[in-house]
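Each chain, written out:
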Amino acid sequence: MRVQRAFLAAGLLAGVAACGGGRATAFQPAGSLSPAPTQAPLSGQAGQRLGGFRFPSDVAIDFTTPASADPARRAVIDGYQNYVLALWAAVLSHGVNRAYQRQATGNALGFVRREVARAGAPGTTVKGTIAYTGTRIAGIYFGTGADVLACVDASAFHQVNAQTGATVGPVLPARLTRYLENVAEGKRSDGTWFVSRLTVYPAASTQGAMCR
């Protein structure tokens with residue numbers, strides 16, 4: 001699994017970020033900045049948050065935005081990335097992995113559950129790459145809320161036959177091959193962040209045009 005320098009602190013995310021380019025690097029679960037991708041089980045905080053879930057070697061969750069040097073801003077982005085990882089861990093485990101229940105509330109939780117149901121057809125699984133680019137924070141409010149935007153490219157992320165590997169269809173609805181994701185986060189009393197609200201704008205729309 002390739003994940004760009006995500007320090008993976010759990011939390012409530014209220015983010016609005018603008019989409020832009022970034023240099024992708026690989027995340028090593030133990031905190032190493034080695035550029036080599038890894039499919040090892042997540043360890044440390046990441047492994048605890050995802051219950052030791054192991055992403056298959058043919059699944060890549062790519063975050064290409066360099067990590068902020070500001071710990072407060074980095075914690076907000078970590079909260080968003082934790083939500084993303086928990087979402088796809090739930091989908092790939094057909095709902096068995098429930099780390100998402102800590103990472104998402106409100107309609108963001110509903111989004112996770114819909115995707116688990118959508119991709120949960122018997123005899124199918126998910127493979128490919130989904131990329132999250134240009135993740136940025138529009139603002140942090142009173143230290144307890146934040147707005148974040150990210151461009152998502154799911155064009156190489158597919159639902160496949162678990163036995164033959166043949167493509168069954170897209171993981172997400174066809175209109176969301178590329179889209180702008182807008183999330184709101186909040187901060188818990190323990191300092192962690194989680195996603196409380198999620199809005200998606202297809203790249204074909206006016207609002208999502210920056211992600212074409």
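Residues numbered from 1 in each chain as written. Predicted model: local features only at pLDDT ≥ 70, side-chain atom pairs only at ≥ 80, totals over all residues. Heavy atoms only, no water.

Enquirer: Before we move on, could you go through the overall build of the chain and cite the residues and values that matter?
Expert: The secondary structure content of the chain amounts to 4 helices and 6 strands. Each helix and strand of the chain, ordered N terminal to C terminal, gives the series α-β-α-α-α-β-β-β-β-β. Across the 212 residues that make up the chain, the buried fraction comes to 51%. Partitioning the intrachain contacts of the chain with sequence separation of at least 6 by distance along the chain shows that 70% fall at a separation of at least 24. When the accessible area of the chain is evaluated, it comes to approximately 9000 Å², of which 54% is carbon and sulfur surface. (Helix = DSSP H or I, 4+ residues; strand = E, 2+ residues; numbered from the N terminus. Buried < 20%, exposed > 50% of the residue type's maximum accessible area, 1.4 Å probe, protein only. Contact = heavy atoms within 4.5 Å. Areas by Shrake-Rupley, 256 points an atom, 1.4 Å probe, with all protein chains shown as cover.)

Enquirer: Account for the state of the cysteines, naming residues and giving values.
Expert: All chains considered together, the criterion is met by 1 disulfide. Shown here is the disulfide that connects C151 with C211, its sulfur atoms set 2.0 Å apart. Negative torsions about the S-S bond denote left-handed disulfides, and the value of about -75 degrees found for C151 with C211 makes this one left-handed. Taken together, the residues span a long stretch of sequence, with C151 in strand 3 (residues 145-161) and C211 in the segment after strand 6 (193-202) at a distance of 60 residues. Judged by its relative accessible area of 6%, C151 falls in the buried class. (Disulfide = S-S within 2.5 Å.)

Enquirer: An account of the packing of aromatic side chains is needed here, citing residue identities and associated values.
Expert: What the rule picks out here adds up to 4 aromatic pairs. Residues F63 and Y132 carry aromatic rings whose centres are separated by 5.5 Å and whose planes lie at 40 degrees to one another, so their mutual orientation is tilted. In this pair, F63 sits in strand 1 (residues 59-63) while Y132 sits in strand 2 (residues 124-141), placing the two residues 69 residues apart along the sequence. The exposure class assigned to F63 is buried, which follows from its relative accessible area of 2%. For Y132, a relative accessible area of 1% translates into the label buried. Plain terms: the ring middles of W88 and F157 are 5.0 Å apart, the flat faces sit at 85 degrees to each other, and that makes the pair edge-to-face. One end of the pair, W88, is in helix 2 (residues 71-92); the other, F157, is in strand 3, with 69 residues separating them in the sequence. (Phe/Tyr/Trp six-rings, centres within 6.5 Å; stacked < 30°, edge-to-face > 60°.)

Enquirer: Outline the pairing of strand 2, listing residues and values.
Expert: Bridge count for strand 1 against strand 2 is 5 bridges, and the pairing is parallel. The residue of strand 2 that forms the bridge with V59 is G128. Direction of pairing for strand 2 relative to strand 3: antiparallel, over a ladder of 14 bridges. Paired with I137 across the strands is V148, a residue of strand 3. (Pairing = 2+ DSSP bridges.)

Enquirer: Run through helix 2, naming residues and quoting values.
Expert: In this model helix 2 runs 31 Å from its N-terminal to its C-terminal C-alpha over 22 residues, within 8% of the 32 Å that 1.5 Å per residue would give. The buried fraction of helix 2 is high, at 18 of 22 residues. H94 lies just past helix 2 and shows a positive phi near 55 degrees. (Expected span 1.5 Å × (residues − 1).)

Enquirer: Account for helix 4 (residues 106-118), with residues named and values stated.
Expert: Counted at 1.5 Å a residue, the expected span for helix 4 with its 13 residues is 18 Å, and the 19 Å between its end C-alpha atoms agrees. Within the sequence span of helix 4, burial applies to A108, L109, F111, V112, E115 and V116. Projection of helix 4 onto a plane perpendicular to its axis shows the buried side chains occupying an angular sector of 155 degrees, all on one side. Of the residues in helix 4, the exposed ones pointing more than 90 degrees away from the buried face are G106, R114 and A117. Those residues of helix 4 that are buried lie in contact with helix 2, helix 3 (100-103) and strand 6. (Arc of directions from axis to C-beta.)

Enquirer: Tell me about unusual backbone geometry, and please be specific about residues and values.
Expert: A positive phi angle is found at H94, which is not glycine, with a value near 55 degrees. Of note, H94 is situated in the loop between helix 2 and helix 3. A relative accessible area of 39% means that H94 is categorised as partly exposed. Even without glycine at this site, F142 takes up a positive phi of about 55 degrees. On the basis of relative accessibility, which here comes to 85%, the residue F142 falls in the exposed class.

Enquirer: Tell me about the pattern of salt bridges, and name the residues and values.
Expert: Counted under the stated rule, the structure contains 2 salt bridges. Measuring nitrogen to oxygen at the nearest pair gives 3.1 Å for the salt bridge that ties R102 to D190. Taken together, the positions of R102 in helix 3 and D190 in the loop between strand 5 (178-187) and strand 6 put the pair 88 residues apart, joining distant regions of the chain. Take R102: its relative accessible area is 33%, and that puts it in the partly exposed class. (Salt bridge = Lys/Arg side-chain N within 4 Å of Asp/Glu carboxyl O.)

The analysis is restricted to geometry; functional conclusions fall outside its scope.
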